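Commentary on secondary and tertiary structure
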Amino acid sequence: MKLFLGQEPQSGTPTYLTIGGAHAVLICGKRGSGKSYTMGVLVEELLAGANTDIIPILVDPMGVYHTMAQANQAQQEDLFNWSLSAKGYTVRLLVPGPTEQLYDPEVIDALQQRGVSIVPLQLNPSDLSPDGWCDLFDADINAPLGIVLFRAAQKLQRQNRPFTIQELIVTIERDGRAKDTSKEALLNRLEAARGWQIFAEEGYTPIPELFTPSVVNILDLSRLEPGPRGLRNLTVSIIARNLFRARADARLREEFGLATPLPRVWMLIDEAHQFVPKGQSTLAKDQLIRWAKEGRQPGLSLAVASQQPSAIDPEVLSQCDIILSHKLTSREDVMALNSLSQDYMGGELRTYIRSLNRTGEAVIVNDEMETVQMLRIRPRRSQHGGSSLPPEEENAFDIWQ
Ligand SMILES: Nc1ncnc2c1ncn2[C@@H]1O[C@H](COP(=O)(O)OP(=O)(O)OP(=O)(O)O)[C@@H](O)[C@H]1O
Ligand SMILES: [Mg+2]
């Protein structure tokens, strides 16, 4: 599959990224350098030619990508010069939690008028592993609280059917071996978890069925609590874990020539330092590291975008086989990226980064092809969102000055 990303700035030669199986992609660059725009280009290309064998999922902590439903009218001329046309995409906006409470009804109307379908997303308590439940409440699996919670979640899980938080509460209440104090502490936490309204009280939609191929699936996390143990991380963790399992099963079917119940998935995460930060655990981190490290076999690709590569977990960074770097100015970030340099680059990656000066310019490193190139990113066909802030003033401490 060939993704048309842009052209070489000097020669104007078109730049394609040929992607085979699964990949791990890093998109980085200082504030306002074009990361989110580039991520949008990547999604557009993944959908080119009405591709039905890829499910793109955009993890959107800022709530800005719904504009992909609209054609990029503002850059019509630019697009024409690139022999491209403006185009709005089919967008499914997945909103965890009580949509009507999270969004102003007029905003919902406006989104729907723009053709965005809003899909309320409810997580299933059974989709979180017993370990995951302990992790969520920061309950040590070897301490009384963790032991009781693990036991209850495991007991329900063994029944091989979906369950609710209420059932978890009842199971803990009936646990004859648990102390009252442990029970009470857990019940308080579980009641609080019910209050988040992101877990289903009834009904069950398997996670893989939430996502659709050939459209832009946007996981809108902007209305949820951030933080390493917050609901944004919880949601990503549950989705990543379940898609991994579902794709591993699907892969096995594919090997036997059987119809696949779930096409390959690309998960693209903007502001990725919220989920895979360096030196800090989060609810989603282990799952995402697993995608980066082991996703190749089941066909799970991961793209992470961040202002600061130095703030991204090194285990994820080192797995990235495609790097799209816009201008970076902080020494720490340039060093973090430079540490990913390979022999085939001849020079150091930082010399390439140094020569970038315009928004939308990038260096592209492709490990599989062993190539490094300068790249001018092509204009977006769909509207770019969330760019009301002007790019930051040139940093007085720019190390290239
Ligand atoms: N390839 C491009 N061609 C034309 N304009 C671009 C391009 N890339 C980015 N821009 C413009 O530059 C501005 C900043 O882009 P973008 O929002 O992608 O930056 P960012 O790196 O994601 O910033 P932040 O760190 O704040 O998230 C936007 O107004 C966008 O329209
Ligand atoms: Mg951005």
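Residues numbered from 1 in each chain as written. Chains lettered and ligands numbered in written order. Predicted model: local features only at pLDDT ≥ 70, side-chain atom pairs only at ≥ 80, totals over all residues.

Moving on: the overall build of the protein chain. Helix and strand content of the protein chain: 13 helices and twelve strands. Each principal axis of the C-alpha distribution contributes one length, and for the protein chain these read about 75 × 50 × 45 Å. A burial count over the protein chain gives 42% of its 401 residues as buried. A sequence separation of at least 24 residues applies to 73% of the contacts in the protein chain between residues at least 6 apart. (Helix = DSSP H or I, 4+ residues; strand = E, 2+ residues; numbered from the N terminus. Buried ≥ 20, exposed ≤ 12 C-beta atoms within 10 Å, placed from the backbone. Contact = placed C-beta atoms within 7 Å.)

Here we come to the sheet that holds strand β10 (residues 322-325). If you trace the twelve strands from one edge of the open sheet to the other, you get β2-β1-β12-β11-β10-β3-β9-β8-β4-β7-β5-β6, paired in mixed fashion. What marks the edges here is a single partner per strand, and that holds for β2 (14-18) and β6 (116-121). This sheet shows a mean twist of 25° between the axes of neighbouring strands, independent of strand direction. Those strands touched by helix α4 (residues 105-113) are β5 (91-96) and β6, and its axis lies near 130° from that of β6. (Pairing = 2+ DSSP bridges. Axes fitted to C-alpha atoms, helices over the stretch in contact; angles between N-to-C directions.)

With that out of the way, let us pick up the domain arrangement of the protein chain. Per the domain assignment, the segments making up the protein chain are domain 1 (2-67 + 98-122 + 205-377) and domain 2 (125-195). The C-alpha-based centres of domain 1 and domain 2 are spaced at 33 Å. In this complex, domain 1 contributes seven residues to the contact, which on the side of domain 2 involves six residues. For the side of domain 1 that touches domain 2, the per-class residue count stands at four nonpolar, two polar and one charged. (Domains from an automatic or database assignment. Nonpolar A, V, L, I, M, F, W, Y, C, P; charged D, E, K, R; others polar.)

Attention shifts here to the nonpolar core. Among the nonpolar cores identified, the biggest contains 105 residues, and L268, A303 and V304 are the most heavily contacted of them. Of all the elements, helix α9 (residues 231-255) adds the most residues to this core, at seven residues. Split by domain, this core shows at least three residues from each of two domains, domain 1 (2-67 + 98-122 + 205-377) and domain 2 (125-195). (Core = buried A, V, L, I, M, F, W, Y, C linked by C-beta atoms within 7 Å.)

This part is about the pairing of strand β4 (residues 54-60). The element β4 is extensively covered by neighbouring structure, given that six of its seven residues are classed as buried. Where β4 lies against strand β8 (residues 264-269), six bridges are found, and the strand directions are parallel. Its bridge partner lying in β8, I54 is registered against R264. Bridge count for β4 against strand β7 (residues 216-220) is four bridges, and the pairing is parallel.

Moving on, we come to helix α12 (residues 331-338). Every buried residue of α12 is accounted for by D333, V334, A336 and L337. Across the axial projection of α12, the buried residues extend over an arc of 160°, all falling on one side. For α12, the secondary structure elements touched by its buried residues are β3 (24-28), α11 (314-317), β10 and α13 (349-354). (Arc of directions from axis to C-beta.)

Moving on: the packing of helix α7 (residues 165-173) against helix α8 (residues 180-195). The geometry of α7 relative to α8 is characterised by a closest axis approach of 10 Å and an angle of 175° between their N-to-C directions. By the angle between their axes, α7 is roughly antiparallel relative to α8. Where α7 approaches α8, its residues I165, L168, I169, I172 and E173 are matched on the opposing element by K183, L186, L187, L190, A193 and R194. Across the contact of α7 with α8, the residue classes tally to eight nonpolar, no polar and three charged. (Parallel < 35°, antiparallel > 145°, perpendicular 65-115°, else oblique.)

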